[in-house]
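# Results of the structural survey
Spelled out, the chains give:
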Amino acid sequence: MGTLRRECGFVFQNHGLFPHLTVGENIALPMQIAGKSPEQIARQVDKLLVDVELPPQEYARRYPDQLSGGQAQRVGVARALANDPDILLMDEPFSALDGIVRSELQQFVRQLLKQGSKTIIFVTHDLMEALEIADQIAVLHEGRLEQIAPPTEMLGNPGTPFVESLFEKPRRLLRI
Amino acid sequence: MKSFLPVSPHEFALRFLEHVQLTFCAVFAALLIGVPLGVWCYRSAWAKRVVFPFVNIIQTIPGLALLAFLLPVMGIGFAPAITALIIYSLLPIVRNTATGLQGVDRQFLAVGESLGMGPFQILMKVEFPLAAPVMIAGIRTATVWSVGIATLSAFIGAGGLGDFINRGLALNNNALLLTGAIPAALLAIGLDTLIGYMEGMRLPRLKKVFPAVVITAMILLVSTPLIKRAMEGPVFTGGNEGPRKLCIGTKNWSEQLIIGEIIAQLAETKYGVAVERKFGFGSTDLIATALERNEIDLYPEYSGTVWSVLLKEKTPPASMPKFEQIARLNEECVDKLGLKIISELGFENTYALAVRKKDAQEKKMTTIGDLQGPGKEMVAGFNSEFIGREDGWPAVKKAYGIVFKDIITLDAMLVYEALKTGKVDVASVFSTDGRIDAFGFVLLEDDRKVFPDYSCILLGNQRPVVSADIINELGQCLMGRITAAKIRRMNAEVDIEKKSPAEVAHQFLEEEGLIPAKVRLP
């Protein structure tokens, strides 16, 4: 279980950064647990911060309560990527953020996907977000898997009545 | 040059350090025990159900009672005092550790788990740091309580600022009392503010100052005993080598301290014996246990107290000749307590009825029986113990058949003032109180022998750990020397004229020719 956890990066709804650790320390933590060397960790922290567009020299020493919601969530993503996991599990990561910050971060996730090396499992209640980001959408309803399909199929060829009713509104919006 | 302190700066610093040391050691040890207990309570509902009520009950035990409870096991001095303080400090530390951990946002535990942290890593790296403010609040409470309760340690000879408070109370000396009470209060307020400041810090800042605080605390913990030893060094040279010193104990009031000083100075000056003064014990049980355990070698006691408190027997009838009473008491002490009477000093400190000298002359009163007629127009002021005790007012009433106009219940210390100012006309007093002469009172003779004998004796252990010869010599030397009039005068000098017991004792020994007169410099 421990190994599986380490192969899998988690991003939480409310960033889940530890308030008593700096941005740098938060990102370093999973690597320390994985037993990496301090130099390796320092290099990786800087690289990850650059990747999430937070200049290390400015942000590494800040504490989570000194960040905006969007910045904190970027750090959350950086921490999830720290051990370079194959799978990234994002549990409603942007639901607490406002529109502009949110679309910025969605773009960031899409870029990450384009690099092609990671599987991202992205949990969301926002259908537009799902349609925009995903290669494949899985609809879960009352503990049952309704359908797995690419976005276009989800819209054009719903497999169950529930999926059809679920995507009715996006369908209408996208056709207009 | 006269210092504004009623004690030497050296002694003040020593007592202050002792106090700090007691507090710090106690809180530190309570942390070592309390934090794991708190974690256990947090993890296990069962532990919480057992530990919480236990630490709560401990909190309700009065300080002095807890010390008395520890005494048979641990004796007197630093060890039982620190144990009592640790026990008291446990509650806030255990409770706040458990509450603080409970208050940590569950989300962070999930995050920790998701990062692959084990339970111990989560505890150390996530739960403790996040629970820190609540845990610090517990340490703060424990520290402030400890500073306060540490003042009680003086009752069992562990020193600290309580020593001044104890002596101040004993000698009715407010300056001395405040020398202990004010610094203790300031210490409590200071530590409260300091720890409160830490408690209010934001977590990142707290994390930064934390190592410095821990290092400072450790330095204090280690250095206070060293400083203390260094300070004690030159005072008692070579204190730790060679045979044990003669330890003289007393309880905590003027008369006891004066007699303690008389014995101590006599031993030092006449017999050249090194003496340790363990003065100011808080109760008869405490000091008697210390004597039974050979932690002190002798102390002044009163025959009636030995009967009632230590032997838990009825006092022999007051009509029995005194020498016979003392002989019987000695037998009982040897048989049942392993203690013996070393000397009888020559005075009694018992209840007596006092009237103003003017009234005594006008109404021709010399004995208690003389109150029979005039009593009807007199108001009596008695303390509650005197009214309640079988051998107090009930016995007097029965034996002498006196009726008073009214009887007012007053505190034992207030009756003197009440009699002086005419609020009452006859009062229950202690027969050796200095105020009897100073306020111009006359004691009425107990010619029908109602009041039990409270002769002042020196009690010692049957198997002393220091030379029995010296102890016997001291006892012989003082046998019958201290009359009621002499002890009353000395009590007055200490209580009213505010002389120190040591000074008064020295003067007595000079006058009695027991030590050579001091050469006074012009």
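On a predicted model such as this, the values are computed, not experimentally measured, just so you know. (Residues numbered from 1 in each chain as written. Chains lettered and ligands numbered in written order. Predicted model: local features only at pLDDT ≥ 70, side-chain atom pairs only at ≥ 80, totals over all residues. Heavy atoms only, no water.)

Time to look at the side chain of S146 of chain B. Residue and element names in this part refer to chain B. Assignment of secondary structure puts S146 in helix α6 (residues 119–149). Relative accessible area serves as the criterion here: at 1%, S146 is assigned to the buried category. Excluding residues within four positions of it along the chain, S146 makes contact with T23, V27, L85 and S89. (Helix = DSSP H or I, 4+ residues; strand = E, 2+ residues; numbered from the N terminus. Buried < 20%, exposed > 50% of the residue type's maximum accessible area, 1.4 Å probe, protein only. Contact = heavy atoms within 4.5 Å.)

What follows is about the interface of chain B and chain A. Between chain B and chain A, the contact holds 20 residues from the first and 20 residues from the second. Summed over both partners, the interface of chain B with chain A comes to about 1700 Å²; 64% of that surface belongs to carbon and sulfur atoms. Per-residue buried area on chain B facing chain A is highest for S114, L115 and K207 of chain B; these three make up 30% of the total on that side. Our count for the contact surface shared by chain B and chain A stands at two salt bridges. (Buried area = accessible area lost by both parts, 1.4 Å probe. Salt bridge = Lys/Arg side-chain N within 4 Å of Asp/Glu carboxyl O.)

Attention now moves to the domain arrangement of chain B. Residues and elements named next belong to chain B. As assigned here, chain B comprises domain 1 (9–232), domain 2 (246–349 + 453–511) and domain 3 (351–444). Using only C-alpha atoms to locate each centre, domain 1 and domain 2 end up separated by 38 Å. If you look at the interface, domain 1 gives 18 residues, while domain 2 gives 18 residues. Buried area between domain 1 and domain 2, summed over both chains or domains, comes out near 1300 Å², and the portion from carbon and sulfur atoms is 63%. Across the contact surface, domain 1 and domain 2 share zero salt bridges. (Domains from an automatic or database assignment.)

Glancing now at unusual backbone geometry. Not every positive phi belongs to a glycine, and D84 of chain A is a case in point at roughly 50 degrees. Since its relative accessible area comes to 52%, D84 of chain A is described here as exposed. Of note, the phi angle at K449 of chain B is positive, near 55 degrees, even though the residue is not glycine. Tracing the backbone through its elements, the reader meets K449 of chain B in the loop between β9 (441–444) and β10 (455–461). With relative accessibility at 51%, the residue K449 of chain B sits in the exposed group.

Residues and elements named next belong to chain A. Strand order in this open sheet of three strands is β1-β2-β3, and the pairing throughout is parallel. Among the strands making up the open sheet, the edge pair consists of β1 (8–11) and β3 (119–123). Strand-to-strand, the axes of this sheet are offset by a mean angle of 15 degrees, without reference to chain direction. Two elements, β1 and strand β2 (residues 87–91), share four bridges in a ladder whose sense is parallel. When the bridges of β2 are listed, V11 appears paired with M90. Strand contacts of helix α5 (residues 69–81): β1 and β2, with the helix running at about 170 degrees to β1, the strand carrying the most contacts. Of the strands in this sheet, β2 and β3 are in contact with helix α6 (residues 99–114), which crosses β3 at around 150 degrees. (Pairing = 2+ DSSP bridges. Axes fitted to C-alpha atoms, helices over the stretch in contact; angles between N-to-C directions.)

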